[in-house]
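# Examination of the molecular architecture
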Amino acid sequence: MTQNPEHEENPAAATSGSHSGSTARQAAVTEAVGAGIPNAIAQLADLVRIPSVSWSAFDPADVQASAERVAALLTGTGVFDSVSIARAPIGESDTLGQPAVLATRAARNGRPTVLLYAHHDVQPPGRDADWETLPFEPTVKGDRLYGRGAADDKAGVMAHVAAVRAFAEVTGGDFDLGLVAFIEGEEEFGSRSFSNFLQQNRDALAADVIVVADSDNWDVNTPSLTVALRGNVTFRLTVSTLAHASHSGMFGGAAPDAMLAMVRLLDTLWDAEGSVAVAGLTSTDAATPEYSEEKLREEAALLDGVRPIGTGEVLGRMWFKPSVTVTGIDAPSVDNASNTLLPSVSVRISARIAPGQTAADAFAALERHVREHAPFGAVIEVTEVDMGDPFLVDTSGWAVGEVTAAMHEAWGVPAVEVGIGGSIPFIADLVRVFPEAQILVTGVEDPDSRAHSPNESLHLGVFKRAVLSEALFLERLDRRG
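For clarity, every value in this text was computed on a predicted model and none was experimentally measured. (Residues numbered from 1 in each chain as written. Predicted model: local features only at pLDDT ≥ 70, side-chain atom pairs only at ≥ 80, totals over all residues. Heavy atoms only, no water.)

A few words on the confidence of the model for the protein chain. Considering every residue of the protein chain, the mean pLDDT works out to 93; 95% of them sit at 70 or more. Predicted confidence for residues 1-21 stays below pLDDT 50, and this span has 38 contacts to residues more than four positions away or in other chains. (pLDDT = per-residue confidence, 0-100. Contact = heavy atoms within 4.5 Å.)

Following this line, the structure appears as structure tokens:
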């Protein structure tokens, strides 16, 4: 990727002379953001040190500690009328989800209210051996900060905090814009209490504009506004063929083992080109920016000689077509393998759903497919189902124009409207509960951030410009009658 070192060191430089119509207050916001970035990066590093993995196998005390740190940061801005840590039940159970932070400030004089969303929980780190630096010891190397959550999504949390802080500094805290900060604590564990949290705090969360800072940018020099997200369907698929394990020499060749059945079944999910071959999964026809196969090879790290899968435009495959991935398998390890026919094998299926189809319809198609294609009469069990609907942004609303103008000023180049192959399932809940709100999906990541993977990192130049974009956006909305 090409980078301009001067642009990285001073993200405001590209805007200070090229937009002569900027108001004095906008110039002051730019200055305040620049002055506050070192402190914001230091506070981000402190957040990264907290191993706030929200998965059930990890210590919930760390997620609580992270929530308390976020609450202190929001309180420290001095602009919110209230800051609290709250939980909601998961589904219809009495079990509470992980702690979220909710901060509110009422709008005045007819100004809009903006809800700023991010999440403070993180993915499990995986093996330390796969990291070049320890996952929870934030480390700056060159222009990147490494650590689990440095990009996804503690940088989103700090982008909100730093933007609000700069905006408040310029206005002296005397502004009319309404602000809500909702920093979730279990996004990486499926947002299982999210819907109930919205219902319990509906009045406090109500907003005209919702900024979801949990996406990425086109590259380190070009901002993005995410306007399309694929949905997701994940489930555990178990294939069984025998009542118990049997000697592979005695019965092999006549009795079907579960691994054979599983391999044959999984192979039916794709055609020869690697495209999804599940009847009932749909695609969306939409234009995409230019993106070469060479760029895919670089950003996805394809090995030499490995060909991409699927057909059509590369970005169309990732944004507007379904995909199916096997993300895990329960079977004996190679070291512990004995000469037996396996009676049962389980895999984890992760499917991405194209915009325009509901996750429920997609799951029905997937379940129907695996049951109809079970080889040798194998017994099929589908459990642990999670679903999230895809999302398409209505780009006709006034907030899109305001945020892209702020991005242009902060980055010095126009924003690119993009789709994302990943999913943010809870957005469907936001749309359902707040149907009149305009939802803007922004972010601090770039193609090299490696979110969810070893060596996750945040590009510090991108972080500076993301903070400046949001601070300028808040300033623009505060002037909006």
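This is not the end of the story, as more comes after the structure.
All right, on to unusual backbone geometry then. Between Asp 152 and Asp 153 the backbone carries a cis peptide bond, its omega angle lying at 0°. Here Asp 153 is to be found in the loop between β5 (144-146) and α5 (154-171). Although it is not a glycine, Asn 109 adopts a positive phi angle of roughly 55°. With phi around 50°, Ser 191 is a residue other than glycine that occupies positive phi space. Here Ser 191 is to be found in the loop between β6 (178-184) and α6 (194-200). According to the relative accessible area criterion, Ser 191 is buried, its value standing at 11%. (Helix = DSSP H or I, 4+ residues; strand = E, 2+ residues; numbered from the N terminus. Buried < 20%, exposed > 50% of the residue type's maximum accessible area, 1.4 Å probe, protein only.)

Once that is clear, we can look at empty space enclosed by the protein. In this approach the atoms are scanned with a rolling probe the size of a water molecule, which exposes any empty space left behind. Summed over the entire model, instances satisfying the criterion amount to two cavities of 30 Å³ or more. Approximately 150 Å³ is the volume attributed to the largest cavity. Lining the largest cavity are 14 residues, and of these Met 407, Thr 442, Ala 466, Ser 469 and Glu 470 sit closest to its centre. Tallied by class, residues from the lining of the largest cavity come to nine nonpolar, four polar and one charged. (1 Å grid on protein atoms, 1.4 Å probe; cavity = no way out; pocket = protein on both sides within 12 Å on 5 of 7 lines; lining within 4 Å. Points joined across faces, edges and corners; volume = space filled by probe spheres on them. Nonpolar A, V, L, I, M, F, W, Y, C, P; charged D, E, K, R; others polar.)

By size, the foremost hydrophobic cluster in this structure holds 103 residues, and its most contacted members are Val 114 and Phe 463. Apart from the residues lying within four places of it in its own chain, the contact partners of Val 114 are Leu 177, Gly 178, Leu 179, Val 180, Ala 207, Val 209, Val 211, Phe 473, Leu 474 and Leu 477. (Core = buried A, V, L, I, M, F, W, Y, C linked by side-chain atoms within 4.5 Å.)

This next bit is on the sheet that holds strand β14 (residues 379-388). Read from one edge to the other, the open sheet built from four strands follows the order β11-β13-β9-β14, with strand pairing classed as antiparallel. Single-partner strands in this sheet number two, and they are β11 (323-330) and β14. When strand polarity is set aside, the average angle formed by the axes of neighbouring strands in this sheet is 20°. With eight bridges connecting them, strand β9 (residues 231-240) and β14 associate as antiparallel partners. Within the sheet, the bridge partner assigned to Val 239 lies in β14 and is Ile 380. In the packing of helix α9 (residues 258-267) onto the sheet, contacts are made with β9, β11, β13 (344-353) and β14, and the angle to β13 comes to roughly 15°. Set on the sheet, helix α12 (residues 359-372) makes contact with β9, β11, β13 and β14; between it and β14 the angle comes to about 165°. (Pairing = 2+ DSSP bridges. Axes fitted to C-alpha atoms, helices over the stretch in contact; angles between N-to-C directions.)

Counted residue by residue, β9 has eight buried out of ten residues, so it is predominantly covered. Two strands pair when backbone bridges link them, and β9 and β13 are joined in this way by ten bridges, in the antiparallel orientation. Bridge pairing in β13 places Asn 232 opposite Arg 352.

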